[in-house]
Amino acid sequence: MAVSLDIRNAFNTLPWSVIAGALEYDGVPAYLRRLIGSYLEDRSIVCVGHGYVIEKRLRDESEITQNQFGFMPGRGTTDAIFALRQVCEKHRDVHRNLHMVFVDLEKAYDRVPRAVLWWALNEKGTPGKYVRLICAMYSRARTYVRTAAGNSDEFNVAVGLHQGSALSPYLFLLVMDALTSEIQEEPPWCMLFADDIVLVGENGLEVQNILEKWRCKLESVGLKSSRSKTEHLFCDFGGLSNFTPISLDGTPLPQHILSTLFAHNHKLSACNIVDVDRTSGLELNGTLNLEVTDNFVYLGSNISNNGSCEPEIRRWLGMAKGAAMSQLDKIWKDKNISMNTKNNLVRTLVFSIFIHGAETWTIKKADRNRIDGSEYVGYSLDRTPHQCIHPSSAQNPD
């Protein structure tokens with residue numbers, strides 16, 4: 001028996017919790033439960049498939065600036081990390097200081113207003129049919145909270161992007177690009193990876209002004225910059241410019257500083273600086289306690305303010321050795337696991353940890369010796385030969 005279009009549309013708009021609750025009644029036949037259950041599964045697959053199709057078509061109809069490295073084909077974390085390392089190395093060679101501000105947004109996906117989303121789609125030249133389709137996907141969105149005491153009542157969701165949707169990442173990129181395209185500098189002076197923003201400059205006051213523009217632009221539409229996670233990295237390469245504290249809406253940012261003094265004497269842990277309270281314009285003479293670990297982990301890679309890759313190599317070597325010696329210790333001792341399986345596990349689980357971002361490293365002779373001499377390369381309680389795990393070392397010199 002054919003189902004009328006009106007009944008089918010009404011069924012499609014019903015919340016899933018209502019349908020699932022209706023199937024709980026004893027009066028519902030078993031075959032009907034299976035039939036409706038299969039329809040629900042198909043409907044979820046169709047919704048997921050629609051997200052991929054719309055996302056692909058939106059990419060064909062719109063453009064994102066080269067500053068965005070997140071969720072973009074041909075660009076990724078390695079490119080952003082490499083660009084940042086190259087800036088550090090070039091400025092270190094010519095003894096020019098650098099200021100880097102790493103901006104983090106609080107709950108970025110959940111704070112995007114729907115009105116801003118529709119405006120961004122039109123601003124990027126999205127065809128009207130796709131805008132109307134996305135509006136229909138977001139209309140009458142409802143959810144509930146599941147707790148140990150039971151489920152809460154359903155409530156409307158009128159802000160934010162859908163979590164878990166294949167379409168949401170690109171929608172967020174469109175919103176960020178439409179909002180900030182006018183204030184974006186050329187990469188690598190300004191780079192974005194989704195909601196992670198990096199602002200780079202040689203003058204602290206200029207970086208402060210650029211940061212304030214970003215803050216005002218983002219917070220004008222409801223997006224909020226994190227006061228605790230936004231950090232300032234100052235690279236003192238012996239240039240003429242001095243350290244300038246940078247604040248976010250009057251709140252001083254956590255700073256990671258390495259001056260020439262610290263490069264020669266790592267035992268010192270404090271330095272007298274002049275901090276500027278930008279809310280009142282007063283200068284406060286004080287002492288800022290500085291930690292020796294002068295670096296910032298950006299996209300999983302350790303960016304050091306002396307431009308060296310040694311802390312990054314040491315960090316990943318330690319993580320790889322920890323994975324091999326601690327977490328996989330039972331596997332190495334298990335005599336029932338074949339040697340080939342253990343070797344494959346080393347290549348998959350250990351090497352994959354160590355080589356993250358290795359394309360961006362500038363390796364010195366000491367770093368190469370440290371890598372070659374690392375215990376994890378040939379580690380195995382079964383005393384697996386070094387050549388079995390690291391085949392490149394088994395090649396003949398000639």
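Sequence order sets the numbering: in each chain, residues are counted from 1 along the sequence as written. Per-residue local features of the predicted model are confined to residues with pLDDT of at least 70, and side-chain atom pairs are confined, for both listing and counting, to 80 or more; whole-chain, interface and lining totals are unaffected and use all residues. Based on all heavy atoms of the structure, the side-chain values leave hydrogens and waters out of the count.

Residues are called lining when one of their atoms sits within 4 Å of a cavity or pocket point, these points coming from a 1 Å grid over the protein atoms alone, where a cavity is a set in which a 1.4 Å probe fits but cannot get out and a pocket is an open set with protein on both sides within 12 Å along at least five of seven lines. Grid points are joined across faces, edges and corners, and a volume is the space filled by probe spheres set on the points. Taken as a whole and judged by the stated rule, the model has two cavities of 30 Å³ or more. Here the second largest cavity defines a volume of roughly 40 Å³. Forming the walls of the second largest cavity are Arg85, Cys88, Ile303, Ser304, Gly307 and Ser308. Numbering of helices and strands runs from the N terminus, with a helix taken as a DSSP run of H or I at least four residues long and a strand as a DSSP run of E at least two residues long. Where the lining of the second largest cavity is concerned, the elements lending two or more residues are helix H4 (77–93) and strand S15 (301–304). For the lining of the second largest cavity, the residue count by class is two nonpolar, three polar and one charged. Gly is placed with the polar residues, together with every amino acid not listed as nonpolar (Ala, Val, Leu, Ile, Met, Phe, Trp, Tyr, Cys and Pro) or charged (Asp, Glu, Lys and Arg).

Okay, the packing of aromatic side chains next. Centres within 6.5 Å are what make two rings of Phe, Tyr or Trp a pair, Trp counting through its six-membered ring; a difference in plane orientation under 30 degrees is then read as stacked, over 60 as edge-to-face, and the rest as tilted. This model, assessed by the stated rule, comprises four aromatic pairs. Where Trp118 meets Tyr138, the ring centres are 6.1 Å apart and the plane angle is 80 degrees; that geometry is what we call edge-to-face. Here Tyr138 lies in helix H7 (residues 128–138) and Trp118 lies in helix H6 (residues 114–123), a separation of 20 residues in the sequence. With a relative accessible area of 22%, Trp118 lands in the partly exposed category. Put simply, the rings of Phe102, Phe296 and Tyr298 pair up and form one aromatic cluster. The ring of Trp316 carries Arg315 above its face, with NZ or CZ at 4.8 Å from the centroid. Categorising residues by exposure relies on relative accessible area from a 1.4 Å probe, with only protein chains included: less than 20% of the type maximum marks a residue as buried, more than 50% marks it as exposed, and the intermediate range marks it as partly exposed. Here, a charge over a ring means that NZ of Lys or CZ of Arg falls within 6 Å of the ring centre while also lying within 35 degrees of the ring normal.

Glancing now at the pattern of salt bridges. Pairing is possible between side chains of opposite charge, provided their charged atoms come close. Salt bridges are defined as contacts in which a side-chain nitrogen from Lys or Arg sits within 4 Å of a carboxyl oxygen from Asp or Glu. Per the counting criterion, the structure on display carries twelve salt bridges. Of the charged contacts, one joins Lys124 and Asp177 as a salt bridge, the two residues approaching to 2.5 Å between their closest N and O atoms. Of this pair, Lys124 sits in the loop between H6 and H7 while Asp177 sits in helix H8 (residues 168–180), and the two are 53 residues apart along the sequence. Across the pair Glu310 and Arg314 runs a salt bridge whose closest N-O atoms are separated by 3.0 Å. Highlighted residues: Glu310 and Arg314, both in helix H11 (residues 310–327), separated by four residues, approximately one helical turn. Classification of Arg314 by relative accessible area gives partly exposed; the value is 45%. One salt-bridge network, in which partners are shared between bridges, spans Glu310, Arg314, Asp367 and Arg370.

Moving on: the packing of H6 against H7. In this analysis an axis means a line fitted to C-alpha atoms, helices contributing only their contacting stretch, and an angle means the value between N-to-C directions, from 0 to 180 degrees. Between H6 and H7, the shortest axis-to-axis distance is 10 Å and the interhelical angle comes to 165 degrees. Taken together, the axes of H6 and H7 are roughly antiparallel relative to one another. Seen from above, H6 lies across H7 with right-handed handedness. Mapping the contact onto sequence places Arg114, Trp118, Leu121 and Asn122 in H6 and Val131, Ile134, Cys135 and Tyr138 in H7. Split into classes, the residues belonging to the contact of H6 with H7 amount to six nonpolar, one polar and one charged. The labels follow the angle: roughly parallel below 35 degrees, roughly antiparallel above 145, roughly perpendicular from 65 to 115, and oblique for the rest. Note on convention: near helix rotated counterclockwise from far helix by under a right angle means a left-handed crossing. Clockwise means right-handed. Note on contacts: a residue pair is in contact if any heavy atoms of the two residues lie within 4.5 Å.

Interpretation of the predicted coordinates at a detailed level should be avoided for regions scoring low in pLDDT. Averaged over every residue, the pLDDT of the protein is 74; the share at 70 or more is 68%. Known as pLDDT, the predictor's per-residue confidence is scaled from 0 to 100. Across residues 1–8, confidence stays below pLDDT 50; counting only partners more than four residues off in sequence or on other chains, it has two contacts. Here residues 376–398 is a poorly scored stretch, pLDDT under 50, and it has 41 contacts once near neighbours within four places are set aside; other chains count.

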